[in-house]
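# Structural overview
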Amino acid sequence: MDGMTLSHRTLGTTSPLTVSALGLGCMGMSEFYGAPDEEAGLATIHRALDLGVTFLDTADMYGPFTNERLVGKAIATSSQGRDGVVLATKFGNQREEDGTRLGINGRPEYVRAACDASLERLGVDHIDLYYQHRVDKTVPIEETVGAMKELVEAGKVRHLGLSEASAETIRRAHAVHPITALQTEWSLFTRDLEAEILPTVRELGIGLVPYSPLGRGILTGSYTSAPTDEKDSRASAYFPRLNGEALEANLRLVDRVREIADEKGCTPGQLALAWVLAQGEDVAPIPGTKRVRYLEENVGAADVELSDDDLARIEDAVPADAVVGARYGDMSSIDA
(Lines give C-alpha, C1' and ligand atoms only; values in the text may rest on other atoms or scores of the structure.)
Protein backbone atom coordinates (compact mmCIF):
# COMPACT_ATOMS: atom_id res chain seq x y z
CA MET A 1 0.00 0.00 0.00
CA ASP A 2 2.91 2.37 0.62
CA GLY A 3 3.66 2.46 -3.10
CA MET A 4 0.23 3.76 -4.10
CA THR A 5 -0.37 7.38 -5.01
CA LEU A 6 -3.67 8.90 -4.03
CA SER A 7 -5.04 11.22 -6.70
CA HIS A 8 -5.93 14.84 -6.09
CA ARG A 9 -9.10 16.81 -6.62
CA THR A 10 -9.86 20.51 -6.84
CA LEU A 11 -12.50 22.09 -4.64
CA GLY A 12 -13.99 25.32 -5.92
CA THR A 13 -13.43 27.18 -9.18
CA THR A 14 -13.34 30.84 -8.08
CA SER A 15 -11.00 30.14 -5.15
CA PRO A 16 -9.65 26.65 -5.98
CA LEU A 17 -8.05 24.39 -3.41
CA THR A 18 -6.27 21.16 -4.37
CA VAL A 19 -6.77 18.32 -1.88
CA SER A 20 -6.20 14.58 -1.74
CA ALA A 21 -9.19 12.72 -3.18
CA LEU A 22 -9.84 11.26 0.27
CA GLY A 23 -9.46 13.29 3.42
CA LEU A 24 -9.33 12.20 7.05
CA GLY A 25 -11.99 13.20 9.55
CA CYS A 26 -10.23 13.47 12.91
CA MET A 27 -13.22 14.11 15.21
CA GLY A 28 -13.57 10.59 16.59
CA MET A 29 -10.00 10.61 17.87
CA SER A 30 -11.06 13.02 20.62
CA GLU A 31 -14.79 12.68 21.27
CA PHE A 32 -18.18 11.19 20.35
CA TYR A 33 -17.08 7.69 19.23
CA GLY A 34 -15.66 6.21 22.42
CA ALA A 35 -12.82 7.17 24.72
CA PRO A 36 -10.08 9.33 23.19
CA ASP A 37 -6.71 7.72 22.43
CA GLU A 38 -4.09 10.29 21.55
CA GLU A 39 -1.36 7.86 20.59
CA ALA A 40 -3.66 5.95 18.23
CA GLY A 41 -4.82 9.27 16.77
CA LEU A 42 -1.28 10.47 16.14
CA ALA A 43 -0.35 7.14 14.54
CA THR A 44 -3.42 7.28 12.30
CA ILE A 45 -2.73 10.84 11.12
CA HIS A 46 0.94 10.05 10.43
CA ARG A 47 -0.03 6.93 8.48
CA ALA A 48 -2.60 8.95 6.53
CA LEU A 49 0.01 11.48 5.52
CA ASP A 50 2.38 8.69 4.46
CA LEU A 51 -0.37 7.24 2.25
CA GLY A 52 -1.09 10.58 0.61
CA VAL A 53 -4.21 11.43 2.63
CA THR A 54 -3.10 15.01 3.26
CA PHE A 55 -6.52 16.68 3.71
CA LEU A 56 -7.11 16.77 7.48
CA ASP A 57 -10.45 17.84 8.96
CA THR A 58 -11.00 19.02 12.52
CA ALA A 59 -13.05 21.64 14.42
CA ASP A 60 -12.64 23.70 17.55
CA MET A 61 -15.64 22.03 19.22
CA TYR A 62 -14.24 18.48 18.96
CA GLY A 63 -13.02 17.58 22.42
CA PRO A 64 -13.73 20.46 22.91
CA PHE A 65 -10.47 21.98 21.70
CA THR A 66 -8.39 18.82 22.20
CA ASN A 67 -8.75 17.60 18.62
CA GLU A 68 -7.18 20.73 17.16
CA ARG A 69 -4.25 20.31 19.57
CA LEU A 70 -3.90 16.66 18.51
CA VAL A 71 -3.94 17.52 14.81
CA GLY A 72 -1.44 20.32 15.40
CA LYS A 73 0.87 17.95 17.27
CA ALA A 74 0.58 15.37 14.47
CA ILE A 75 1.51 17.95 11.84
CA ALA A 76 4.43 19.26 13.90
CA THR A 77 5.84 15.74 14.32
CA SER A 78 5.21 14.52 10.76
CA SER A 79 7.91 14.14 8.12
CA GLN A 80 5.74 16.13 5.67
CA GLY A 81 5.61 19.24 7.84
CA ARG A 82 3.02 22.01 7.59
CA ASP A 83 3.44 22.47 3.85
CA GLY A 84 2.55 18.83 3.22
CA VAL A 85 -0.92 19.19 4.75
CA VAL A 86 -4.18 20.83 3.70
CA LEU A 87 -5.69 21.77 7.04
CA ALA A 88 -9.40 22.39 7.55
CA THR A 89 -11.07 23.45 10.77
CA LYS A 90 -14.37 25.03 11.81
CA PHE A 91 -15.97 27.51 14.16
CA GLY A 92 -19.55 28.16 15.17
CA ASN A 93 -20.56 25.44 17.63
CA GLN A 94 -19.49 27.33 20.74
CA ARG A 95 -18.44 25.30 23.78
CA GLU A 96 -16.74 25.81 27.11
CA GLU A 97 -13.57 23.95 28.15
CA ASP A 98 -15.73 21.57 30.22
CA GLY A 99 -17.79 20.68 27.15
CA THR A 100 -20.82 22.84 27.94
CA ARG A 101 -22.58 23.80 24.71
CA LEU A 102 -23.30 27.51 24.35
CA GLY A 103 -25.12 27.31 21.03
CA ILE A 104 -24.30 28.44 17.51
CA ASN A 105 -22.37 31.69 17.17
CA GLY A 106 -21.76 33.51 13.89
CA ARG A 107 -21.15 37.00 15.25
CA PRO A 108 -18.17 38.72 13.57
CA GLU A 109 -16.27 39.33 16.82
CA TYR A 110 -16.61 35.64 17.68
CA VAL A 111 -15.42 34.58 14.22
CA ARG A 112 -12.21 36.56 14.70
CA ALA A 113 -11.61 35.30 18.24
CA ALA A 114 -12.35 31.67 17.29
CA CYS A 115 -9.88 31.80 14.40
CA ASP A 116 -7.08 33.17 16.57
CA ALA A 117 -7.75 30.48 19.19
CA SER A 118 -7.70 27.72 16.53
CA LEU A 119 -4.42 28.98 15.06
CA GLU A 120 -2.86 28.88 18.51
CA ARG A 121 -4.09 25.36 19.31
CA LEU A 122 -3.05 24.06 15.89
CA GLY A 123 0.33 25.74 16.16
CA VAL A 124 0.16 27.11 12.61
CA ASP A 125 0.12 30.57 11.03
CA HIS A 126 -2.74 29.91 8.62
CA ILE A 127 -5.73 27.63 8.08
CA ASP A 128 -6.16 26.32 4.53
CA LEU A 129 -9.95 25.90 4.69
CA TYR A 130 -12.04 27.58 7.40
CA TYR A 131 -15.68 26.52 7.71
CA GLN A 132 -18.64 27.95 9.52
CA HIS A 133 -19.63 24.71 11.24
CA ARG A 134 -23.33 25.55 11.52
CA VAL A 135 -25.27 28.55 10.28
CA ASP A 136 -26.27 31.04 12.97
CA LYS A 137 -29.83 31.92 12.04
CA THR A 138 -29.73 34.99 14.31
CA VAL A 139 -26.87 36.63 12.38
CA PRO A 140 -27.12 37.54 8.67
CA ILE A 141 -24.78 35.24 6.75
CA GLU A 142 -23.33 38.33 5.06
CA GLU A 143 -21.98 39.53 8.42
CA THR A 144 -20.41 36.18 9.30
CA VAL A 145 -18.81 35.68 5.89
CA GLY A 146 -17.73 39.31 5.91
CA ALA A 147 -15.69 38.58 9.03
CA MET A 148 -14.35 35.38 7.44
CA LYS A 149 -13.33 37.41 4.38
CA GLU A 150 -11.30 39.69 6.69
CA LEU A 151 -9.43 36.62 7.92
CA VAL A 152 -8.48 35.80 4.32
CA GLU A 153 -7.31 39.36 3.77
CA ALA A 154 -5.22 39.15 6.96
CA GLY A 155 -3.52 35.95 5.73
CA LYS A 156 -4.88 33.84 8.59
CA VAL A 157 -7.16 31.80 6.32
CA ARG A 158 -6.69 30.77 2.67
CA HIS A 159 -10.15 29.49 1.67
CA LEU A 160 -13.67 29.66 3.08
CA GLY A 161 -16.24 26.94 3.58
CA LEU A 162 -19.73 26.36 4.95
CA SER A 163 -21.17 23.27 6.62
CA GLU A 164 -24.81 22.13 6.51
CA ALA A 165 -25.97 25.32 4.81
CA SER A 166 -29.10 25.70 2.70
CA ALA A 167 -29.03 26.60 -0.98
CA GLU A 168 -30.18 30.17 -0.26
CA THR A 169 -27.53 30.69 2.45
CA ILE A 170 -24.84 29.32 0.14
CA ARG A 171 -25.81 31.82 -2.58
CA ARG A 172 -25.80 34.76 -0.18
CA ALA A 173 -22.46 33.74 1.32
CA HIS A 174 -20.82 33.21 -2.08
CA ALA A 175 -21.84 36.73 -3.09
CA VAL A 176 -19.76 38.16 -0.21
CA HIS A 177 -16.64 36.04 -0.81
CA PRO A 178 -16.05 32.92 -2.93
CA ILE A 179 -16.95 29.77 -1.02
CA THR A 180 -14.50 27.01 -1.89
CA ALA A 181 -16.28 24.05 -0.28
CA LEU A 182 -19.50 22.93 1.32
CA GLN A 183 -19.18 20.23 3.92
CA THR A 184 -22.35 18.23 4.36
CA GLU A 185 -23.40 14.67 5.03
CA TRP A 186 -23.50 12.53 1.87
CA SER A 187 -23.46 8.77 1.56
CA LEU A 188 -25.54 5.93 0.20
CA PHE A 189 -27.59 6.41 3.38
CA THR A 190 -27.94 10.22 3.17
CA ARG A 191 -28.99 11.65 -0.18
CA ASP A 192 -30.90 14.78 0.96
CA LEU A 193 -28.53 17.25 -0.71
CA GLU A 194 -29.07 15.90 -4.21
CA ALA A 195 -32.37 17.69 -4.83
CA GLU A 196 -31.42 21.34 -4.29
CA ILE A 197 -27.99 21.78 -2.67
CA LEU A 198 -25.95 19.72 -5.14
CA PRO A 199 -27.21 21.64 -8.22
CA THR A 200 -26.61 24.94 -6.39
CA VAL A 201 -22.99 24.29 -5.46
CA ARG A 202 -22.22 22.98 -8.94
CA GLU A 203 -23.79 26.04 -10.53
CA LEU A 204 -21.64 28.27 -8.32
CA GLY A 205 -18.46 26.20 -8.70
CA ILE A 206 -18.21 25.11 -5.06
CA GLY A 207 -16.61 21.80 -4.11
CA LEU A 208 -18.24 19.19 -1.89
CA VAL A 209 -16.68 17.60 1.18
CA PRO A 210 -18.97 14.78 2.33
CA TYR A 211 -18.70 13.87 6.00
CA SER A 212 -19.95 10.54 7.35
CA PRO A 213 -19.61 8.94 3.89
CA LEU A 214 -19.84 5.56 5.64
CA GLY A 215 -23.08 6.41 7.43
CA ARG A 216 -21.26 6.70 10.80
CA GLY A 217 -19.83 3.25 10.33
CA ILE A 218 -22.95 1.26 9.45
CA LEU A 219 -21.90 0.96 5.79
CA THR A 220 -18.63 -0.73 6.75
CA GLY A 221 -20.61 -3.87 7.53
CA SER A 222 -18.96 -4.22 10.93
CA TYR A 223 -21.73 -2.38 12.76
CA THR A 224 -24.27 -5.05 13.67
CA SER A 225 -25.83 -3.66 16.85
CA ALA A 226 -25.99 -0.38 18.74
CA PRO A 227 -22.76 0.29 20.70
CA THR A 228 -22.78 -0.31 24.44
CA ASP A 229 -20.01 2.21 25.12
CA GLU A 230 -21.66 5.14 26.90
CA LYS A 231 -19.07 7.46 25.33
CA ASP A 232 -20.24 6.46 21.83
CA SER A 233 -22.96 8.88 20.74
CA ARG A 234 -24.20 6.40 18.13
CA ALA A 235 -25.84 4.42 20.95
CA SER A 236 -28.14 7.35 21.77
CA ALA A 237 -31.34 8.74 20.37
CA TYR A 238 -29.14 11.40 18.75
CA PHE A 239 -28.81 9.04 15.75
CA PRO A 240 -32.26 7.46 15.25
CA ARG A 241 -31.28 5.35 12.22
CA LEU A 242 -28.65 3.49 14.26
CA ASN A 243 -30.99 2.20 16.95
CA GLY A 244 -33.94 -0.17 17.43
CA GLU A 245 -36.13 -1.21 14.52
CA ALA A 246 -34.57 1.43 12.27
CA LEU A 247 -31.16 -0.17 12.76
CA GLU A 248 -32.54 -3.61 11.91
CA ALA A 249 -34.12 -2.30 8.70
CA ASN A 250 -30.97 -0.42 7.72
CA LEU A 251 -28.72 -3.39 8.32
CA ARG A 252 -30.78 -5.27 5.71
CA LEU A 253 -29.76 -2.56 3.24
CA VAL A 254 -26.13 -3.04 4.24
CA ASP A 255 -26.49 -6.73 3.42
CA ARG A 256 -27.32 -5.74 -0.16
CA VAL A 257 -24.22 -3.55 -0.28
CA ARG A 258 -22.16 -6.46 1.03
CA GLU A 259 -23.39 -8.73 -1.77
CA ILE A 260 -22.20 -6.32 -4.46
CA ALA A 261 -18.94 -5.67 -2.60
CA ASP A 262 -18.21 -9.39 -2.44
CA GLU A 263 -18.61 -9.60 -6.21
CA LYS A 264 -16.29 -6.61 -6.68
CA GLY A 265 -13.68 -8.09 -4.36
CA CYS A 266 -13.81 -5.25 -1.84
CA THR A 267 -15.35 -4.53 1.54
CA PRO A 268 -18.81 -2.95 1.95
CA GLY A 269 -17.15 0.22 3.27
CA GLN A 270 -14.85 0.44 0.27
CA LEU A 271 -17.81 0.05 -2.09
CA ALA A 272 -19.75 2.77 -0.24
CA LEU A 273 -16.75 5.13 -0.35
CA ALA A 274 -16.10 4.36 -4.01
CA TRP A 275 -19.72 5.31 -4.72
CA VAL A 276 -19.18 8.73 -3.11
CA LEU A 277 -15.89 9.22 -4.98
CA ALA A 278 -17.67 8.38 -8.25
CA GLN A 279 -20.13 11.26 -7.80
CA GLY A 280 -17.71 13.76 -9.35
CA GLU A 281 -14.21 15.21 -9.44
CA ASP A 282 -15.44 18.07 -7.26
CA VAL A 283 -16.11 15.66 -4.37
CA ALA A 284 -13.56 14.83 -1.63
CA PRO A 285 -15.05 12.74 1.18
CA ILE A 286 -13.52 12.74 4.67
CA PRO A 287 -14.19 9.36 6.30
CA GLY A 288 -13.30 9.52 9.96
CA THR A 289 -11.36 6.90 11.86
CA LYS A 290 -9.01 6.64 14.81
CA ARG A 291 -7.44 3.32 13.80
CA VAL A 292 -4.72 2.70 11.20
CA ARG A 293 -6.31 -0.49 9.90
CA TYR A 294 -9.60 1.25 9.07
CA LEU A 295 -7.71 4.12 7.48
CA GLU A 296 -5.88 1.67 5.21
CA GLU A 297 -9.15 0.01 4.28
CA ASN A 298 -10.66 3.39 3.41
CA VAL A 299 -7.70 4.35 1.23
CA GLY A 300 -8.20 1.09 -0.65
CA ALA A 301 -11.54 2.44 -1.86
CA ALA A 302 -9.65 4.69 -4.27
CA ASP A 303 -8.71 1.57 -6.25
CA VAL A 304 -12.30 0.31 -6.60
CA GLU A 305 -13.54 1.08 -10.11
CA LEU A 306 -17.29 1.34 -10.59
CA SER A 307 -18.93 1.22 -14.01
CA ASP A 308 -22.20 2.96 -14.80
CA ASP A 309 -23.89 -0.42 -14.40
CA ASP A 310 -22.26 -0.89 -10.98
CA LEU A 311 -23.45 2.53 -9.84
CA ALA A 312 -26.99 1.85 -11.03
CA ARG A 313 -27.02 -1.51 -9.26
CA ILE A 314 -25.77 0.03 -6.01
CA GLU A 315 -28.45 2.70 -6.13
CA ASP A 316 -31.11 0.06 -6.87
CA ALA A 317 -29.89 -1.87 -3.81
CA VAL A 318 -30.12 1.21 -1.60
CA PRO A 319 -32.77 3.55 -3.01
CA ALA A 320 -32.45 7.15 -1.85
CA ASP A 321 -35.60 6.94 0.28
CA ALA A 322 -35.04 3.44 1.69
CA VAL A 323 -33.12 4.34 4.85
CA VAL A 324 -35.24 4.30 8.02
CA GLY A 325 -34.88 7.07 10.58
CA ALA A 326 -33.69 10.68 10.57
CA ARG A 327 -29.94 11.33 10.41
CA TYR A 328 -30.11 13.35 13.65
CA GLY A 329 -32.69 13.13 16.43
CA ASP A 330 -32.79 16.92 16.49
CA MET A 331 -32.38 18.59 13.09
CA SER A 332 -33.00 22.12 14.44
CA SER A 333 -29.38 23.20 13.95
CA ILE A 334 -29.44 22.31 10.25
CA ASP A 335 -30.02 25.29 7.93
CA ALA A 336 -32.71 23.82 5.74
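Please refer to the structure higher up on the page.
Right, let's walk through the structure included here. (Residues numbered from 1 in each chain as written. Predicted model: local features only at pLDDT ≥ 70, side-chain atom pairs only at ≥ 80, totals over all residues. Heavy atoms only, no water.)

### Observations concerning the environment of aspartate 125
Mapped onto the elements, aspartate 125 comes out in the loop between α3 (108–122) and β8 (127–132). With 32 residues separating them in the primary sequence, aspartate 125 and valine 157 have C-alpha atoms 8.8 Å apart. If near-sequence neighbours (up to four positions away) are discounted, aspartate 125 is found in contact with Leu119, Gly155 and Lys156. Among the polar contacts listed, one links the side chain of aspartate 125 to the side chain of histidine 126, at a separation of 2.8 Å. (Helix = DSSP H or I, 4+ residues; strand = E, 2+ residues; numbered from the N terminus. Contact = heavy atoms within 4.5 Å. Polar contact = N/O pair within 3.5 Å; in protein donor to acceptor, adjacent residues only side chain to side chain.)

### So, the pattern of salt bridges
Two side chains carrying opposite charge are able to pair once their charged atoms lie near each other. Applying the stated rule across the entire model yields 23 salt bridges. Residue arginine 82 pairs with aspartate 128 through a salt bridge whose shortest N-O separation is 2.9 Å. In this pair, arginine 82 is assigned in the loop between α2 (66–76) and β5 (86–91) and aspartate 128 in strand β8, connecting sequence segments 46 residues apart. Here arginine 216 makes a salt bridge to glutamate 185, at a shortest N to O gap of 2.8 Å. Of the two residues, arginine 216 sits in the loop between β11 (207–211) and α7 (244–264) while glutamate 185 sits in strand β10 (residues 179–185), which places them 31 residues apart along the sequence. The pair arginine 216 / glutamate 185 is uniform in exposure class, with both members buried. (Salt bridge = Lys/Arg side-chain N within 4 Å of Asp/Glu carboxyl O. Buried < 20%, exposed > 50% of the residue type's maximum accessible area, 1.4 Å probe, protein only.)

### Regarding helix α1 (residues 38–50)
When the terminal C-alpha atoms of α1 are compared, their 18 Å separation across 13 residues agrees well with the 18 Å that a helix rising 1.5 Å per residue should span. Burial in α1 covers these residues: Ala40, Gly41, Leu42, Thr44, Ile45, Arg47, Ala48 and Leu49. Tucked into the core, α1 has its buried residues touching β3 (23–25), β4 (55–57), α2 and α9 (292–299). At the N-terminal end of α1, a side-chain oxygen is found 3.3 Å from the backbone nitrogen of glutamate 39, two or three residues along, and the residue is aspartate 37. Once α1 ends, the next one or two residues include glycine 52, with phi positive near 95°. (Expected span 1.5 Å × (residues − 1).)

### Focus: the packing of α1 against α9
Packing of α1 against α9 leaves a shortest axis separation of 9 Å and a crossing angle of 25°. Between α1 and α9, the angle falls in the class roughly parallel. The hand of the α1/α9 crossing is right-handed. Every residue of α9 that contacts α1 at Ala43, Thr44, Arg47 and Ala48 is listed here: Val292, Leu295 and Glu296. Across the contact of α1 with α9, the residue classes tally to four nonpolar, one polar and two charged. (Axes fitted to C-alpha atoms, helices over the stretch in contact; angles between N-to-C directions. Parallel < 35°, antiparallel > 145°, perpendicular 65-115°, else oblique. Left-handed = near helix turned anticlockwise from the far one by under 90°. Nonpolar A, V, L, I, M, F, W, Y, C, P; charged D, E, K, R; others polar.)

### Considering helix α10 (residues 308–317)
For α10, the complete set of buried residues consists of Asp310, Leu311, Ile314 and Ala317. Along the axis of α10, the buried positions cluster into a sector of 125°, meaning they face one direction only. In α10, those exposed residues whose orientation departs by more than 90 degrees from the buried face are Asp308, Asp309 and Asp316. (Arc of directions from axis to C-beta.)

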